[in-house]
Structures are given as C-alpha cells and as structure tokens.
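If you want the building blocks of each chain, they are given just below.
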Amino acid sequence: TVLNYLQVCDNPYQDIPLAGVLHSPIVGCTAQEMAMLRSEFPEGMLYESLLDFVEDGQITVFMEDARELLKEKLKKFLVQLEEFRNMAGYTPVHQLILQILDRTGYGNYAGAMPGGEQRSANLNMLVEKAMEYEKTSYRGLFHFVRYIEQLKKYEVDYGEVNLTGSETGAVQIMTIHKSKGLEFPVVIVAGMGKQFNFQDMNAGLLIHPELGLGADAILPEKRLKVSTLTKQVIRRELQKESLGEELRVLYVALTRAKEKLIMTGSVSKLEKTLLSMKRFRGREMQILPLGYRLKAKDFLSYVLPALINHPELEEMLSRYNLLDDVRKTVPEWNDTSGVSFQVHIVQPMEMMQEEVQRQTSEMLQKELLENRDETKVYDEEIRNEIQKRFSYVYPWMLLREIPAKVSVSDLKKHRFETEEEQEAAPILALESAKEAYVPQFMEQKKENASGSARGTAYHRVMECLDYEKLVPALSFSDDEVCEAVGRQIRHMIKAGKLSQVQADCIREMDICRFLRSSLGGRMRQAALQGVLKREQPFVYSVPASALNPVWPEQETVLVQGIIDAYYIEEKELVLVDYKTDNVPDVEKLRELYQVQLHNYVQALERLTGMKVKECYIYSFKFHKEILL
C-alpha cells in the first residue's frame, strides 16, 4: 500500500497503484464507490475520472448521500496527495514515507491490525531501505520508484523482519517452504509419516503442460468410466513430478539445522513397513531404485531404507522374525561422522504409564510445597547450595567505585594535597553549583551572565584571537587596541564562532591589558612564529591509587582535559591557563588551581616529550600573570 502511494505521488496517472490506494484504508473507498466513480466517467485514466467526479459529478437523487460521502473522501485524498507531491521535490524519500505513515494514520492502523508488530517492523524496514538507497548516487522519489520496479521485475524479495530470531531462545513453527534460506541451531522435522497428497491426480480431467489433456473414457453400452491410456501416462508423469518436488522439500528440511536435526514420524503398521524395507538388507547402494521412489507415500519411505543396515535396527527386526540369513551378508556399517543412532520401541501402554507417573509426581510435589514445614530441611544438598549462593560476596566490589575516565577538574574531588583544600572543598562545590550550565536558548533571558558563562566567553575569544591583525594597533593607544579587538569580536559573531550573549560578557579593555602584558607579548611572538597552540585536548592514564590511596595501584584511570594555551620557547614549553574567577587575592587563585595546573604539566610533558619550564595563570580580574 505504501509503495502504491509512493508511485501515485510520483505519477498519479497510473491506474493500478491509484486503485490500490483508493481501496486501501488510507482513502477507504469500497468496491461499490469505485464502481460508481468509474461508471460515471469511464473515459480516460482513473485519475482523470477522479478529478471530474470531484469537480462536476452528476446528481442522482437516490444515490445523493453516497455520492457526497465519496466526494468528501476523494477531496480529502486529493488535497493530501497534492501536499505530498509538492514535498517530494525537496524531501528525502525516507522522510516522505514517514510523513505518509504519520499524516494518513496508516502507520498506526497497520500496528493495530492482527500481527501489527510484524507489520510495523516491515514498514520500518522500508524506511531503512529508503535511507540506504539515498546513500547511493541516485536521489529523489522518481529514481526510488524505478528502483522498486526493478526489484519486482527480477523478483528480489527482502522478506519480512525477523522479530523472533533463534538467538532469543524462541521456538518457531513454520512450514518447510517458509524455512527456505534460513538456518537454526536445532531443527525438528515433524510429521514425516504423513502421506503425500495426490488427490488432484484423481480428477476426471488431468492437464500437463507438455503432454496435454487426459480425460476418462465413457463406455455407455457397458455403463463404465475408465481412464484412457493418455490419462494414465499423464497421471504417472504428474505423480513423478510431484514426488520430485517432495524430494526437494525434504532436502530443504534436512539442511536447515546447524547443530542438531530431529526427525519424527509415526508408522501405523510397523511390521509391514519393516517387511517392505527388508529388500534393502545386505545391499550396498547410494541411490534408491526408481521404482521404489515412485511408490513412496511419505518422507519416511525415503529415510528408513538408509538405516535398514544399521546394527541398531537388528533388535527390532528380530522381534518380528525378519532377521534371517541375510544378516551374514550385511555390509559393515562404516559411520565416520561420529553421530550416534539408537532405536527405541515405544508402545502406547508405556506412553500412558509415563504420563500417569508424571502427573502423579507433579501432584505429590504440589502437595509437598503447599503443606511444607518451613523449619524442616528436606534436601540438605539444595539447602547448602542456596546458602552458598546467597552468602556470596563479590570480591572486586571496590573496583565499582573506580571511574573509567575523569576530567582534570574532577581530580580535586578525589585528591587534595593540603588540609586547607580539604576544608575548602565543600565551599568550592557550592560555588560551582551556583554557576550551573545554562542552555544557549535560555542565556538571553538572564540579565547578567554567570561566572562560568563569562569564563567560557573569554576562553572562546582567546582561542579565536588573531594576533597578527592586532600587531599594528599595539603601537597606538589603548583605545585603538580595544577597537581592533572589538572588530575581531564582531567578526567572530558574524562567523558563528561567538554568540551575542557571550560577546556582551567581554570587556575589550581586559583583552587589551593582556596583550600589553609581558606574557601577552611572548604569546603574540609565538603566534607569529607558528608555535602557539590553543585549546589542545589531551588524555592520559594515571594509577587509580593516585586519585585515592585505597584504590589498587594496578588499576588505571583515564584523565582528560583541555589546555588553554602553550607555546615553544627556546626548545622548552610555556603553559598558560586563563582564569576569570572572582577570588579575593592572587594567592587564593594560585592555591585553588595548583593541582589542576600540575596535572596539565604532567600531561603536556608526557604527550610532547618536552619539558615545561614555566606555568602561568593569567587572571583577567587582576590583569596579571601568576607564575606557579
């Protein structure tokens, strides 16, 4: 139905897909309504009849109500179809399919039908196939419709989505024909004793594509109806072809199993069946004779002759006195597959006794459970096993606390170097909570940006700052430098590198003072030489004991972070970290970030193999660099 709708969206002048859509639940036209539509406007394509009916349908008094109802259906359909046709020009096919399923309600309708889960899964698979198709060089609804037509032409069938795969432990019951192409760990081929259906060969007239017609001959004078020679020949040929098809079906059934194949079948007259198999005792053959194959009545007729020489069948043959001198000439059974084969004769009385015993055992167990004494131990072994399992303690419980990866700022939560930092930890946590992350769409609602948002804005400007363009302005006044910085900030906003809310947090004079500082001059020189690196991410591993002495040393934790800036100077590194914190003094700032910068130094030295000779914090509040 959905494919028909797509074809109509591509070209509504297609009678068969359009009729399918009209008759589907999407439009809901009945057969009588479609007959009414076509009878009034029989000329031209069905789409033309539809348009003429909606615009200028003839008025018939006794069908006026039905006509108005049909006209409303068709109007609604045409409006919706026109919208989808307009969308098809710029909408990917998979999105168009989703729109059709949603707006027509067909997706919900399919899910509410019997087998709705399977139907919905198949529709989702169609969407996935459309997405895969769009990854190719072809685009658009027209090419997708042609692609589907080619699949139909060459009979390519993707099948249905397998919702109950064998990996889920489910049992699937299906016909042998439906299992073609599938594989399962365990396969049970049941009903192998069921006789083949040859009822169609007893008809009065038989038809063969090559041999022609075969009919019965009627002899009025003898009041008889007999099969002609032609009909007997045709019947024999049809039976031969039917048995050939049954052999192919049996081959499919026996080749579906990956690990284990179980064949079951019942025999009503076991002695008679074994007697007919006796002819194959002592004969070495690979293929059953054609005459025997043409007389086969069921699948067991093909399987049992292959086992008649097996030693396990001798006990059964001797029970019916069928094991005679032929036994001496039976060839030695050479089974190199290692598959065991056993024969068990089960009588109906034995099956009944087993069932009675099973039901009795279940009743006794039920009574025992209902009238049990909770203080009494009925099975010491089970009791000990239960106690052993419930008293089990996971030996590596401590490892659950160890994180796989932490940020450099999180290290302060796990490790403090001084008692003062331990005392300050709760205060820092409260300050961080006050400056929670604010989504970008809510930032403009705040009158004043928080400390964290302001810090993010300054870091972004320092990351994108073009030192080369600021060199000419540095020889003039601070106002000239601020104007040059302002131009760069406006360019960042236009390029989408900085939001307007972030730009409002920046004071150009802070950037100017940084550029006038000795550290800013050194970084500007490094930038001109191409050795300045900004916003460099890093990841390195540390022993877990470095975060917490209780954790084992052999476990490792990944530490990740981003270095604001570093540059090469005299074959050594200088590390710089920007801070906008509102702290009372410089010493407090140094105390807060000494551990974090120490980890930055370790990471940078390990990743580059070069020594960090200096490590600076540049405070935009105090407008000065702080050497650690």
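Parameters at a glance
- Residues numbered from 1 in each chain as written.
- Predicted model: local features only at pLDDT ≥ 70, side-chain atom pairs only at ≥ 80, totals over all residues.
- Heavy atoms only, no water.
- Helix = DSSP H or I, 4+ residues; strand = E, 2+ residues; numbered from the N terminus.
- Buried < 20%, exposed > 50% of the residue type's maximum accessible area, 1.4 Å probe, protein only.
- Contact = heavy atoms within 4.5 Å.
- Areas by Shrake-Rupley, 256 points an atom, 1.4 Å probe, with all protein chains shown as cover.
- Patch = residues over 30% accessible without salt bridge, like charges linked within 9 Å, V, L, I, M, F, W, Y side chains within 5 Å.
- Salt bridge = Lys/Arg side-chain N within 4 Å of Asp/Glu carboxyl O.
- Lys, Arg positive; Asp, Glu negative; His and termini not counted.
- Charge placed at Lys NZ, Arg CZ, Asp CG, Glu CD.
- Pairing = 2+ DSSP bridges.
- Right-handed = clockwise from strand over helix to strand, strands pointing away.
- Core = buried A, V, L, I, M, F, W, Y, C linked by side-chain atoms within 4.5 Å.
- Polar contact = N/O pair within 3.5 Å; in protein donor to acceptor, adjacent residues only side chain to side chain.
- Phe/Tyr/Trp six-rings, centres within 6.5 Å; stacked < 30°, edge-to-face > 60°.
- Lys NZ or Arg CZ within 6 Å of the ring centre and 35° of its normal.
- Axes fitted to C-alpha atoms, helices over the stretch in contact; angles between N-to-C directions.
- Parallel < 35°, antiparallel > 145°, perpendicular 65-115°, else oblique.
- Nonpolar A, V, L, I, M, F, W, Y, C, P; charged D, E, K, R; others polar.
- Expected span 1.5 Å × (residues − 1).
- pLDDT = per-residue confidence, 0-100.

**Digging into the overall build of the chain**
Next, step 1: Helices and strands together make up the secondary structure of the chain, namely 27 helices and 11 strands.
Next, step 2: Among the 628 residues that make up the chain, the fraction classed as buried is 33%.
Next, step 3: A separation threshold of at least 6 residues defines the contact pool for the chain, and within that pool the share at least 24 residues apart is 65%.
Next, step 4: When the accessible surface of the chain is summed, it comes to about 40,800 Å², and 52% of that surface belongs to carbon and sulfur atoms.

**With respect to a negative patch on the surface**
Next, step 1: On the surface, E48, D52, E55 and D56 cluster together to form a negatively charged patch.
Next, step 2: Within the secondary structure, E48 is located in helix α4 (residues 46-56).

**Quick look at the pairing of strand β10 (residues 612-619)**
Side-chain direction in a regular strand flips from residue to residue, so the side chains alternate between the two faces of the sheet.
Next, step 1: Counting buried positions along β10 yields six of eight residues, so the element is predominantly enclosed.
Next, step 2: Here strand β9 (residues 572-579) runs beside β10; their pairing, made up of seven bridges, is parallel. Note that in β10 the partner of Y578 across the bridge is Y618.
Next, step 3: For the crossover from β9 across helix α27 (residues 586-608) to β10, the handedness is right-handed.
Next, step 4: Pairing of β10 with strand β11 (residues 624-627) involves four bridges; the strand directions are antiparallel. Pairing of S619 across the sheet is with K624, part of β11.

**Comments concerning a nonpolar patch on the surface**
Next, step 1: On the surface, Y392, Y394, W396 and M397 cluster together into a nonpolar patch covering about 490 Å² of accessible area.
Next, step 2: Secondary-structure assignment places Y392 in the loop between α17 (380-390) and β6 (405-407).

**Quick notes on the nonpolar core**
Next, step 1: By size, the foremost hydrophobic cluster in this structure holds 45 residues, and its most contacted members are Y5, L22, L74, F77, L96, I97 and F144.
Next, step 2: Of all hydrophobic cores here, the second largest spans 35 residues; its members include V461, V481, C512 and L515.

**Some details on the environment of K73**
Next, step 1: Counting through the fold element by element, K73 comes out in helix α5 (residues 64-87).
Next, step 2: With 45 residues separating them along the chain, K73 and G28 place their C-alpha atoms 7.7 Å apart.
Next, step 3: Leaving out residues up to four positions away in the same chain, K73 has contacts with V27, G28, C29 and E33.
Next, step 4: Within the structure, the side chain of K73 is placed 2.9 Å from the backbone oxygen of G28, a separation counted as a polar contact.

**Comments concerning the packing of aromatic side chains**
Next, step 1: According to the stated counting rule, one finds 19 aromatic pairs in the structure shown.
Next, step 2: A centroid spacing of 5.8 Å and a plane angle of 80 degrees characterise the contact between Y5 and F84, whose relative ring orientation is edge-to-face. Residue Y5 is located in helix α1 (residues 2-10), and its partner F84 is located in helix α5; the two are separated by 79 residues in the primary sequence. For the residue pair Y5 and F84, the accessibility class agrees, reading buried in each case.
Next, step 3: In this structure, K579 is placed above the aromatic ring of Y593, and the distance from its NZ or CZ to the ring centre is 3.8 Å.

**With respect to the pairing of strand β3 (residues 212-219)**
Next, step 1: Pairing geometry for strand β2 (residues 205-208) and β3, over four bridges, is antiparallel. If you follow L206 over to β3, its bridge partner there is G214.
Next, step 2: Hairpin remark: β2 followed by β3, antiparallel, with three residues in the connecting loop.
Next, step 3: Alignment of β3 against strand β4 (residues 224-227), held across four bridges, turns out to be antiparallel. Among the inter-strand pairings, A217 is bridged to a residue of β4, identified as V226.
Next, step 4: Taken together, β3 and the strand that follows it, β4, pair antiparallel across an intervening segment of four residues, in which R223 is found at a positive phi of about 55 degrees.

**Points about unusual backbone geometry**
Next, step 1: Non-glycine residue N321 carries a positive phi angle of around 55 degrees.
Next, step 2: Mapped onto the fold, N321 is located in the loop between α14 (314-319) and α15 (326-329).
Next, step 3: Take N321: its relative accessible area is 69%, and that puts it in the exposed class.
Next, step 4: Here the phi dihedral of K571 falls at roughly 65 degrees; this positive angle occurs in a residue that is not glycine.
Next, step 5: On the basis of relative accessibility, which here comes to 75%, the residue K571 falls in the exposed class.

**Description of the sheet that holds β2**
Next, step 1: Here we have three strands laid out as an open sheet, ordered β2-β3-β4, and antiparallel in their pairing. Sheet topology places β2 and β4 at the edges, where each strand pairs with a single neighbour. Pairs of neighbouring strands in the sheet enclose a mean axial angle of 25 degrees, with direction left out of account.
Next, step 2: In the packing of helix α10 (residues 229-254) onto the sheet, the strands contacted are β2, β3 and β4, and the crossing angle to β2 comes to about 60 degrees.

**Side note on the pattern of salt bridges**
Next, step 1: With the rule as written, the count across this model stands at 24 salt bridges.
Next, step 2: Put simply, R358 and E362 hold a salt bridge, and the shortest N to O gap is 2.7 Å. Remark: E362 and R358 occur in helix α16 (residues 348-370); sequence separation between them is four residues, near one turn of the helix.
Next, step 3: Of the residues examined, R358 reaches a relative accessible area of 39% and is grouped as partly exposed.
Next, step 4: Linking D478 and R516 is a salt bridge whose minimum nitrogen-to-oxygen distance equals 3.1 Å. In this pair, D478 is assigned in helix α23 (residues 478-494) and R516 in helix α25 (residues 508-516), connecting sequence segments 38 residues apart.
Next, step 5: The class for D478 is partly exposed, based on a relative accessible area of 36%.
Next, step 6: Residues joined in a network through salt bridges with shared partners are R522, E569, E570, K613 and E614.

**Structural notes on the packing of α25 against helix α26 (residues 518-529)**
Next, step 1: Two elements in contact, α25 and α26, have axes separated by 4 Å at closest approach and are oriented at 75 degrees. Classified by the interaxial angle, the pair formed by α25 and α26 is roughly perpendicular. When α25 is examined against α26, the residues F514, L515 and R516 are found in contact with a partner set consisting of S518, G520, G521, M523 and R524.
Next, step 2: Here the residues of the contact of α25 with α26 are counted per class, giving three nonpolar, three polar and two charged.

**Things to note about α10**
Next, step 1: With 26 residues, α10 extends 37 Å between its outermost C-alpha atoms, agreeing within 8% with the 38 Å of an ideal straight helix rising 1.5 Å per residue.
Next, step 2: Residues of α10 that are buried: K231, I234, L238, S242, L243, V249, L250, V252 and A253.

**Describing the side chain of D577**
Next, step 1: Position of D577 among the secondary structure elements: in strand β9.
Next, step 2: Excluding residues within four positions of it along the chain, D577 makes contact with D564, L597, Y600, Y616, I617 and Y618.

**Observations concerning the environment of Y109**
Next, step 1: Inspection of the secondary structure puts Y109 in helix α7 (residues 106-112).
Next, step 2: Classification of Y109 by relative accessible area gives partly exposed; the value is 39%.

**A few points about the confidence of the model for the chain**
Next, step 1: On average, residues of the chain score 82 in pLDDT, and 87% of them are at 70 or above.
Next, step 2: The model gives residues 416-438 a pLDDT under 50, and that stretch makes 14 contacts with residues more than four places away or in other chains.
Next, step 3: Residue range residues 442-448 is modelled with pLDDT below 50. Its contacts to residues more than four positions away, or to other chains, number five contacts.

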